[in-house]
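Topology and contacts: notes
What follows is each chain in one-letter form.
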Amino acid sequence: MEAALLAWFDEHGRALPWRRTRDPYAILVSEVMLQQTQVERVVPRYLAWLERWPTAAALAAATAADVIRAWQGLGYNRRALSLHRAASVVAARGWPEDLTELPGVGQYTAAALANFAFDRSVLPVDVNVRRVQERSGSDFGPASAQALMDLGATICLALVPRCGACPLAGACPSRGRRYEPQRRQSRFEGSFRQRRAATLRLVAERERPLSEVDVAAAESLAADGLVTLAGGVVTLPA
């Protein structure tokens, strides 16, 4: 199965910009942005980010406020602060052997960095990789990581897999199956997440009196370090 997968990837793999580099900082930026954000939205923001902050040292030298402003629109803004803190660690001490020591870097992101940047023999298992493994009943090596991700993202879809276009279909025990959604993400419209996002956008434009913003949202953002509250004024962190 692995040979068939890699042959398919050679012809159909997505030409994503972070696949053209082994720079660990650039790959870290891409992996953090891709957490819960669609690839199509990430590509232009990734390119703009690296143009503005091409190295970990450059990002570490930026203010948290500028980093938060640059992140607007990607969602889950705590990722921006984690990326900024990770860049500060790298700029000060270099890349740690245990990549999970970096702020905001869990097991999956560490494995992706290890494979894509440091050429370590480890398979990063995200939701797409896991889906292909479970449905095919096969094991794949680290060299198949990008191919598994693309197959899961474009062919072996969560609900209605495109089995007719799958290079593994001939030997796949799950061929032709359909799947029920495992969970539904809570609606963003009208949610507290939306209130937080709207409040952060306002404060990113300029500091605001607390009386002009959603107080509960501002207090929640402050608890996450995304804004500061002082003297009845809400600002981005320095």
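Look above for the structure.
Described below are features of the structure shown in this document. Bear in mind the structure is a predicted one, so any value in this text is a computation, not a measurement. (Residues numbered from 1 in each chain as written. Predicted model: local features only at pLDDT ≥ 70, side-chain atom pairs only at ≥ 80, totals over all residues. Heavy atoms only, no water.)

1. Observations regarding the overall build of the protein
Looking only at helices and strands, the protein has 11 helices and 3 strands in total. Listing the helices and strands of the protein from first to last along the sequence gives α-α-α-α-α-α-α-α-α-α-β-α-β-β. A burial count over the protein gives 43% of its 238 residues as buried. Counted over contacts in the protein with a minimum sequence separation of 6, partners at least 24 positions apart contribute 53%. Summed over its atoms, the accessible surface of the protein is roughly 12500 Å², and 50% of this surface lies on carbon and sulfur atoms. Put simply, the protein has 29 plus and 24 minus side-chain charges, and the middle of one group is 6 Å from the middle of the other. (Helix = DSSP H or I, 4+ residues; strand = E, 2+ residues; numbered from the N terminus. Buried < 20%, exposed > 50% of the residue type's maximum accessible area, 1.4 Å probe, protein only. Contact = heavy atoms within 4.5 Å. Areas by Shrake-Rupley, 256 points an atom, 1.4 Å probe, with all protein chains shown as cover. Lys, Arg positive; Asp, Glu negative; His and termini not counted. Charge placed at Lys NZ, Arg CZ, Asp CG, Glu CD.)

2. With respect to the sheet that holds strand β2 (residues 228-230)
Taken in spatial order, the 3 strands line up as β1-β3-β2 in an open sheet, and their pairing is antiparallel. Both outer strands of the open sheet, β1 (208-209) and β2, are each paired with one neighbouring strand and no more. Here 3 bridges tie β2 to strand β3 (residues 233-235), and the two strands are oriented antiparallel to one another. Counterpart to Leu 229 in the pairing with β3 is Val 234. (Pairing = 2+ DSSP bridges.)

3. Thoughts on the side chain of Glu 31
Inspection of the secondary structure assignment puts Glu 31 in helix α2 (residues 24-34). We note that Glu 31 is buried and unpaired, the nearest opposite charge coming from Arg 19 at a distance of 8.1 Å. (Salt bridge = Lys/Arg side-chain N within 4 Å of Asp/Glu carboxyl O.)

4. With respect to the packing of aromatic side chains
Under the definition given, this model contains 4 aromatic pairs. Residues Trp 49 and Trp 53 carry aromatic rings whose centres are separated by 4.8 Å and whose planes lie at 70 degrees to one another, so their mutual orientation is edge-to-face. Of the two residues, Trp 49 and Trp 53, neither departs from the other in class, the shared state being buried. With a centroid separation of 5.6 Å and 90 degrees between ring planes, the pair formed by Trp 49 and Trp 71 is classed as edge-to-face. (Phe/Tyr/Trp six-rings, centres within 6.5 Å; stacked < 30°, edge-to-face > 60°.)

5. Some words on unusual backbone geometry
Here Tyr 76, not a glycine, exhibits a phi torsion of approximately 45 degrees, which is positive. The residue Tyr 76 is located in the loop between α5 (64-71) and α6 (78-93) in this model. Accessibility expressed as a relative area gives 31% for Tyr 76, which makes it partly exposed. Even without glycine at this site, Asp 119 takes up a positive phi of about 55 degrees. Inspection of the secondary structure assignment puts Asp 119 in the loop between α7 (107-116) and α8 (127-136).

Limitation: the analysis is restricted to geometry and does not speak to function.
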